[in-house]
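Next come the chains, spelled out residue by residue.
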Number of protein chains: 2
Amino acid sequence: MTSTSDPAASPAIVTAAVLVIGDEILSGRTKDQNIGFIADYLTAVGIDLTEVRIVPDVEDRIVEAVNALRGRYDYVFTTGGIGPTHDDITADAIAKAFGVSIDVDPRAVELMLARYQATDLTPARLRMARIPAGADLIPNAVSAAPGFRIGNVHVMAGVPKIMQSMMDAIGPTLAHGRPLLSETIEAGTGEGAIAEPFGAIAAANPDAILGSYPYFDGTRYGTRLVVRARDPERLKAVAAEVAAMVAALHARA
Amino acid sequence: MTSTSDPAASPAIVTAAVLVIGDEILSGRTKDQNIGFIADYLTAVGIDLTEVRIVPDVEDRIVEAVNALRGRYDYVFTTGGIGPTHDDITADAIAKAFGVSIDVDPRAVELMLARYQATDLTPARLRMARIPAGADLIPNAVSAAPGFRIGNVHVMAGVPKIMQSMMDAIGPTLAHGRPLLSETIEAGTGEGAIAEPFGAIAAANPDAILGSYPYFDGTRYGTRLVVRARDPERLKAVAAEVAAMVAALHARA
């Protein structure tokens, strides 16, 4: 694990975890759209998403997960539970995880006054301005109530549109490693036929990550072979080996 | 936590965790479709999905997650990593987590011979017949290579079609509690306006779970208010309170 808050430092590998908070995802009522977005975003900027957890709206479970993940990865990104209702307990749970106090934050109130009349800042809406002591705010371009960053933990909304605007605000502040580049080769066959030669290429090229992803398109099986490497030349070389292996296979068939 | 393998026992609450195994989900290349399916499935049969983790194709990480989850929940369901290629290491990791041996299982080979000619059972395809000692097989109606159950852990394929056929095979063997029933009331407004009266109803009805799920439809915010309870009469009563609260709010507006 590499720890840095200086985006210029560019260590070789930067790791991250996502923590999705919400009963509605676990019950199936809401289908998560945030994990895939954050995964794409982090991959594009050269941060390796290494673990995801989804936990219910239960304080102890949030505290436990935040503390497990923030000690293990360079960054943690949470989604969900920062709205105005009684079941939005993420901010309080994060304060508890860090052992700091939490209160209505004047900076957050100011951001919210850009959208709400002062008379509309009801106690419920002011819940959204509760920020743990020592946290920085994450602006919300969509609906004003901010997220926040404390230590290496970034706390974002669960509504995808809002979460995405927060991720865009966070992006430039993040350290990132050399991006893991990838090339995909369609095998044109099921996994079984390519497993042996593909495994041999993987064994011979330990600096590349080779993955094989079977799919079923409704009538037949196919397999996407994915080569990942940080060095573009090595990526090209190993991907060429895989493409040659696939071509040889079909020539024989 | 309630532990039982007798479906007839019907304890009040049965819990489950899902463990998604695969670099391709963490890199964003593949968008997970299994978590939402399993969440819906378990909710429908009265099993509470209580935690989800996504981990990479790394043996130690799989072992750690399996052991953390199987001790904590009645059931664990894993997806991914049971194909024929070098990066399919789930079966070996599960054997390690349980401290049992693993080898090609004659029962699995027999199932695979229903689809493959004996001469096509290459060493790579035979990897799919590696089953930890003491496990029961989970049939695969789609592509023959089975999943397996060991202890309270159900190991399924990652391809959604195959995973779903395995889930259907597993379903009748599971103990389940009283299903958590739900009703949804559209608030017709953002969360801020309903947070206080909604929270008051939640506080007054501790036997129901009240959740509030804001959304943005492209032009405006709405909120789905969800009431969940195991008792149908209580569900009806609390949902009626919420509907009356929403009606009163709009009458005032």
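Scroll up a little and you will see the structure.
The structure presented is a predicted model; accordingly, all values stated were derived computationally and were not measured.

A word on helix α7 (residues 160-170) of chain B
No. 1: Taken together, the buried positions of α7(B) are occupied by Ile162(B), Met163(B), Ser165(B), Met166(B), Met167(B) and Ile170(B).
No. 2: Of the surrounding elements, those touching the buried residues of α7(B) are β11 (221-229) of chain A together with α2 (34-45), β3 (75-79), β6 (136-138), β7 (147-150) and β8 (153-156) of chain B.

Focus: the packing of aromatic side chains
No. 1: The full count for this structure, using the stated rule, is four aromatic pairs over all chains.
No. 2: Seen in terms of ring centroids, Tyr75(A) and Phe77(A) are 6.2 Å apart; in terms of plane orientation they differ by 50°. Their pairing is tilted. Of the two residues, Tyr75(A) and Phe77(A), both sit in the buried class.
No. 3: Between the NZ or CZ atom of Arg70(B) and the centre of the ring of Phe98(B), over which it lies, the distance is 3.8 Å.

Digging into the environment of Asn152(A)
Residues and elements named next belong to chain A.
No. 1: When you line up the elements, Asn152 lands in the loop between β7 (147-150) and β8 (153-156).
No. 2: In sequence terms Asn152 and Ala169 are 17 residues apart; their C-alpha atoms lie 15 Å from each other.
No. 3: Leave out the neighbours within four places in its chain, and Asn152 touches Arg70, Tyr73, Asp74, Tyr75 and Val76.
No. 4: A polar atom in the side chain of Asn152 sits 3.1 Å from the backbone oxygen of Tyr73.
No. 5: Engagement of the side chain of Asn152 in a polar contact is seen with the backbone oxygen of Asp74, the distance being 3.2 Å.

Quick look at the pattern of salt bridges
No. 1: Taken as a whole and assessed by the stated rule, the structure comprises 26 salt bridges over all chains.
No. 2: A salt bridge links Lys31(A) to Asp40(B); its shortest N-O distance comes to 2.9 Å. Residue Lys31(A) is located in the loop between α1 (23-26) and α2 (34-45), and its partner Asp40(B) is located in helix α2; the two belong to separate chains.
No. 3: With relative accessibility at 39%, the residue Lys31(A) sits in the partly exposed group.
No. 4: One salt bridge connects Asp105(B) with Arg107(B), and the closest N-O pair in it is separated by 2.7 Å.
No. 5: Residue Asp105(B) is classed as buried on the basis of its relative accessible area of 9%.
No. 6: The exposure class assigned to Arg107(B) is partly exposed, which follows from its relative accessible area of 40%.
No. 7: Each of the salt bridges in this network shares a partner with another, and the network as a whole consists of Glu51(A), Arg53(A), Arg72(A), Arg61(B) and Glu64(B).

Definitions and limits used
- Residues numbered from 1 in each chain as written.
- Chains lettered and ligands numbered in written order.
- Predicted model: local features only at pLDDT ≥ 70, side-chain atom pairs only at ≥ 80, totals over all residues.
- Heavy atoms only, no water.
- Buried < 20%, exposed > 50% of the residue type's maximum accessible area, 1.4 Å probe, protein only.
- Helix = DSSP H or I, 4+ residues; strand = E, 2+ residues; numbered from the N terminus.
- Contact = heavy atoms within 4.5 Å.
- Phe/Tyr/Trp six-rings, centres within 6.5 Å; stacked < 30°, edge-to-face > 60°.
- Lys NZ or Arg CZ within 6 Å of the ring centre and 35° of its normal.
- Polar contact = N/O pair within 3.5 Å; in protein donor to acceptor, adjacent residues only side chain to side chain.
- Salt bridge = Lys/Arg side-chain N within 4 Å of Asp/Glu carboxyl O.

Function cannot be read off these values alone, since they describe shape.
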